[in-house]
Amino acid sequence: MAAESEHPTTAPAENSNGPGENEVAAPETDAVADVTIVLPSPKQTEIPITVPLEEQVHELRQAIIDLPEAFRFTCFHLEYQGKKINDFISVGEIPELGPDPVFHLVQDPYTEKEARIHLVRIRELIGAAGNRPDVTQGVLAGASLFETATKNAQDVPDAEFDFQASPSLTYLTPREVEPAPKTVKTIALSPWNPPPCHLRQRGHLLYLVVTTNEGEQYQITSHVSGFFVNKSSNAKFDPSPKSAPKGYSAPNLIELLELISPSFADSFLQLQEHNNQRDPLATFQITNSIPAVPWVVPPPTSSLCTHVADAARQQETYLLSGVDNTDGLRDWNEEFQSTRELPKETVQDRVYRERLVSKLFADYNDAAARGAIMVANGDIPPLNPTECRDAQIFIYNNIFFSFGADGVGTFTSEGGDEAARVATGKDVAGVKLVNQLDIDGLFTPATVVLDYLGKRIVAQSIVPGIFKQREPGENQIDYGAVDGKEVIAADERFAEIFSQLSKALKVKKHPVWDKDGKRFDLEASVETKGLMGTDGRKYALDLYRVSPLDICWLEDGEESGAAPYPHRMTVLRPELVDSFARYKLKQFVDEEMARIGQEESKETAAGDSETKAEGGEEAKPKAQPDLSKFQFALNPDAFSGQVPQTEEEAAEWEKDEEEVRAASQHLRERVIPDMLREMADSDLSAPMDGYSLGRLLHKRGINMRYLGKVASLCTDQRLKCVRDICIRDMIARSFKHVAAQYLRNLPGPTTAACIAHLLNCLLGYRLNPKPVADIDPSLKSLYSDVDWSFESVTPESLRAQIEEQTLNRFRYKLEPEWFQDERPAQLLREVCLRMGFQLQSKDYSFVTQPVEAKASEQTNGESKKKKKKNRDESPLSTPKSPPSTFSPEDIVDVVPLVKHSCPRSALAEEALEAGRLALFRREKKLGQDLLLESLSLHEQIYGHLHPEVARAYNTLSMLYYQLDDKEAAVELARKAIVVSERTVGVDSAETLLNYLNLSLFLHQAGDSKNALVYAKHALNLWKIIYGPDHPDSITTLNNAAVMLQHVKAYHESRLWFEESLRVCESVFGKQSVNSATLLFQLAQALALDQDSKAAVNRMRESYNVFLSELGADDKNTKEAETWLEQLTQNAVYLAKNAKDAQAKRIRAGIRFPATSTTPAATSTAPGAGMPSSSQADSRSIDELMKFIEGNEQQAKPSKKRPAKGNPKRRGRGSAK
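Just so it is clear, the structure is predicted and the values come from calculations on it, not from any experiment.

## Here's the deal with helix α31 (residues 989-1004)
For α31, built from 16 residues, the straight-helix expectation of 22 Å at 1.5 Å per residue is met to within 8% by its first-to-last C-alpha distance of 23 Å. Taking burial as the measure, the 16 residues of α31 include 15 buried ones, the bulk of the element. Directly after α31, the chain includes Gly1006, whose backbone phi takes a positive value near 100 degrees.

## So, the environment of Glu803
Position of Glu803 relative to the elements: it lies in helix α22 (residues 795-810). Separated by 11 residues in sequence, Glu803 and Leu814 have C-alpha atoms that sit 6.4 Å apart. Sequence-distant contacts of Glu803, that is, excluding residues within four places in its chain, are made with Leu814 and Trp818.

## Some points on the pattern of salt bridges
This model, assessed by the stated rule, comprises 64 salt bridges. Taking the shortest distance from any N to any O, the salt bridge between Arg330 and Glu335 comes out at 2.9 Å. Owing to a relative accessible area of 25%, Glu335 belongs among the partly exposed residues under this scheme. Close ionic contact of Arg904 with Glu909 constitutes a salt bridge, the shortest N to O distance being 2.6 Å. Judged on exposure class, the residue Arg904 and its partner Glu909 are both buried. Three or more residues are tied together by salt bridges with common partners; here these are Arg340, Lys344, Arg353, Asp438 and Asp440.

## Quick notes on the environment of Pro300
Of note, Pro300 is situated in the loop between β11 (296-297) and α8 (316-321). The spacing of Pro300 and Val892 is 592 residues in sequence and 8.3 Å in space, taken between C-alpha atoms. If we ignore the near neighbours within four places in the chain, the residues touching Pro300 are Cys305, Thr306 and Gln840.

## Quick look at the packing of helix α10 (residues 347-376) against helix α28 (residues 924-942)
In the contact formed by α10 and α28, the axes pass within 7 Å of each other and the chain directions differ by 45 degrees. Relative to α28, the element α10 lies oblique. For the pair formed by α10 and α28, the contact residues are Val351, Glu354, Arg355 and Ser358 on the first element and Leu937, Gln940, Ile941 and Tyr942 on the second. Considered class by class, the residues forming the contact of α10 with α28 number four nonpolar, two polar and two charged.

## Digging into the confidence of the model for the protein chain
Low pLDDT means the predicted atomic positions in that stretch should not be read closely. Averaged over all residues, the pLDDT of the protein chain equals 85, while 87% of them reach at least 70. Below a pLDDT of 50 lies the segment residues 1-29, which in the model reaches 68 contacts outside its immediate sequence neighbourhood of four places, other chains included. Confidence drops under a pLDDT of 50 for residues 1190-1216, and excluding neighbours within four residues, the segment shows 37 contacts in the predicted structure.

## Here's the deal with the pairing of strand β3 (residues 76-80)
Taken across its five residues, β3 has four buried, putting it largely inside the fold. Taken together, the five bridges between β3 and strand β5 (residues 102-107) define a ladder with antiparallel strand orientation. Across the sheet, the residue bridging to His77 is Val106, located in β5. The sheet contact formed by β3 and strand β4 (residues 83-84) spans two bridges and is antiparallel. Its bridge partner lying in β4, Glu79 is registered against Lys84. In textbook terms, the turn of a hairpin is the stretch between consecutive antiparallel strands, and for β3 and β4 this stretch comprises two residues, one of which, Gln81, has a positive phi near 55 degrees.

## Section: the pairing of strand β13 (residues 399-403)
With five of five residues buried, β13 lies mostly within the body of the structure. Across the two faces of β13 the burial is the same, with Ile399, Phe401 and Phe403 and Phe400 and Ser402 all buried. Sheet analysis places strand β12 (residues 393-396) next to β13, joined by four bridges and oriented antiparallel. For Tyr396, the partnering residue across the bridge sits in β13 and is Ile399. Hairpin connection, β12 to β13: the antiparallel pair is bridged by two residues, and Asn397 has positive phi, about 55 degrees. Strand direction decides the pairing type here: β13 and strand β16 (residues 455-461), joined by five bridges, are antiparallel. Looking at the pairing, Phe403 lines up with Ile457 of β16.

Calculation criteria
Residues numbered from 1 in each chain as written. Predicted model: local features only at pLDDT ≥ 70, side-chain atom pairs only at ≥ 80, totals over all residues. Heavy atoms only, no water. Helix = DSSP H or I, 4+ residues; strand = E, 2+ residues; numbered from the N terminus. Expected span 1.5 Å × (residues − 1). Buried < 20%, exposed > 50% of the residue type's maximum accessible area, 1.4 Å probe, protein only. Contact = heavy atoms within 4.5 Å. Salt bridge = Lys/Arg side-chain N within 4 Å of Asp/Glu carboxyl O. Axes fitted to C-alpha atoms, helices over the stretch in contact; angles between N-to-C directions. Parallel < 35°, antiparallel > 145°, perpendicular 65-115°, else oblique. Nonpolar A, V, L, I, M, F, W, Y, C, P; charged D, E, K, R; others polar. pLDDT = per-residue confidence, 0-100. Pairing = 2+ DSSP bridges.

Structure follows, in structure tokens:
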């Protein structure tokens, strides 16, 4: 009972369709080759590399470039036995490849493109590339706090942890690091670039200018043969080689810089040492996923955000993409579809294909985000400039852009702009679902939805033929609705492929009717469209209706008479359809088993006489239900306005509608109550913030519109946390919709003033009840036609709008004083994450500053030092508060929020699931091999920096912990933290759980000191994310207390146990078994802290709860009783010793009371404090307690024992 909880916390997992038992076999040992690479230097340096035979040669080239000995080479090919090796074959396909082959690296002549690539790479290597302000990723994207948390713990001495105070927002920003050593001052393209025609004929490619650390400036010519110093100056053009002694030349820039700058070699070595001090995972560039964008960032004056001069910064577009940007122009659709057509027969085929898909989606998402921001800012001209703004379309970088609004009236009957906005989000989720299913022959356009400054922008790859003008009589669409639902196409070429899709999505083949009443039997929703592209591929479009309507939600709104829901796009989630299918299957199995049981009982009764006559037979195996008879599919077009033409069709349609209604009721009557019951029973971890709440609800198939219902059902005190998070999330989402109305039509330079004003109205009303928007007058006069209505927003009007949005969207009425109950810092975080705001990291004043205890409570808790400082100041010296909480300068940036359609790797998940299954079967060796194979697959397919890789690291760390491989568990947990910080967020719920796991693993490995560091960091994150007193923090506080006992910090341990008990009693009540268990542990901690009186009281409380809740015969009750008896005897013994010692001192004339110095005072084991010859006292516990109390009252030592800690805290530790 006294032991800590040793079960690591699991992060919420994505939905996954687990593989069957035989889907992934045990991994075979990959065939590898031990290759030696010979570099073309005078020393003929040899580098040994081990490569799999299946690896492509171009991948081997990249591995060579990344080696420290070879990173100066960028333009080369490999030769084997004097023959050039093709870059696009695998190593195993190299002709006449023998054992231990030797490859020679041979430099190629530079081309203009290779010279540009070489310059970009060398600038990165030598640290000459300055900072790059990124419009899509904001400030400090992909930052990590892991190193900062570790260093802070090393530099800051241990102090008493404040359980209630909220950390400063600066806690979420990394430490400022020492600047890296400079190797050169500048290296950039020369103003003489590009070479004139006659010099291009002589092999001149680029002209560069380099300023060394010594202050010397050199003009350099990039030639097909390498690089040399030329005779040009800033005023004179002469790119011919310079004569000696400064006529340097070299085959690459690194060697040339070593020649022209005496300090370069040493400074370059120092730079490498500086870079090697950091964790590579914390410094690698994120290329395969969207980096996490922090919501608080250092001010622009911080060294982390310093804007430095870099002449080549504006040249990088040319260096990377060429003069006409042709190097960066890609046919996205052809790349996506040809990648999907790659073979997937073997494991290596699937690895190559899925890795290519992952990289392609990452590149596309980045390009789409950049294009979307340009569209939002008006930097791209529309293809149809005469249309209204919402109907305009754009093409940029071979990507088709449109607004998520009903510009052409498609969704008029469904809710207009609101319906169009929701449809785009449902469409990208539908495309992701179809991509995950990976049906051969069915293709989808790459789709991304971006929310930026109140605008929703859709980016899609261009489907060949989508803009083609059809012949008269031909439909623009080949399958599904053409014009609204009036014209319907049903090309038979799509029937089979859509049938496979519908079967996977549990969609029923059903009839629909056009405007003339003609019937068409479709495999998918009438809204889902099929298009035969001019490339001969079948494309599925408009996948926002892959599941039926949530009819109960719509009907409830109509019956209640409340304001109508903003739209009719209230579809059920695919996860809910799967859940309902499982429920129906269970019903089917139960019915079949009952029927089989009845039949068997009849057969048994009829055959009893025969069995007796024949002397008995062996029992027949029990019959199993035939699952092939189970049929389940839903009609996605039920309740969507279809009109059956005959009675038979109407009866069939009514039956379909009843099934859909049953699914909707299943969500309300079973799924939501079951989830809340599991959380109330602690079988399911409570969410920490809006994001983790959304993932949890979506995993169960619950739409976010049910937040109000979930909050209403959280009546149990144990669910107060869930209710608070639901309300906070509803407020944040409602604020998002309100703010979007004001931001949508504002020009970029005025958005910061709007955001600051709206935040002041939402959160800064205590400091300034009448905030005024801070708008630059010159901007206001410049944009005379802009809608400045946000200026008139007041705290009261904003609250009214939020209340209206919450009531309309979630059908939840906020309490009249809801804004007083919300925690400002946590609500600010939710709003920033929902809208992509990046604020300066500083302590924002949410209340006026004459500091009383009440004010400090309202500010979400402040540090004790701050409270003391404020108490010491007189009212006259009270510092002046700023007029408003937020100013436009506090809004550092706004980044787009991206919803993408990239599927997860099925292969990596299959290997992970197979490894789990093998471990479950106790096949340890096979399980470990499969887990390693899964980890390798995750890293190969996604790269090292990806959210799925972080989740794989976390899952594998827990599995290795369970296998008792603590070193591997700790290492994987460290990686999980860094990767999740950089790809999910430094203060995300997943990152917090990863820190808790690492803390537990380190403690079990014997490193309790560092375990405490990460546990405290996790608790600080918890206070920023949720605030104090989260139910799941009980276990963390308890574990930290046990860790403190391991490092013999008994007094601190006692405080942590007390805090754990306080939170537990507030959640579960004082009479709960959970509280009794913590009372038991606290009593032991008090005994270790030499507070025997409080230990006895706490153990007696624990015993009484166990006795009343579990009964006298329960083992917990008996153990508590035993401990109570022994602690009581020990307390009596100590009290008697103290009394005797006091009497001796009085007789000796010493008047001060003395604390017990007996060695027995430190004993904690039952009976350990008494001499071996003594017998147990025969008095009852109550009599013994009176004896203890009497002695304690006479001596009154508590007033003179500072070692016992804060009296307030001890008050909670004593009996009342």
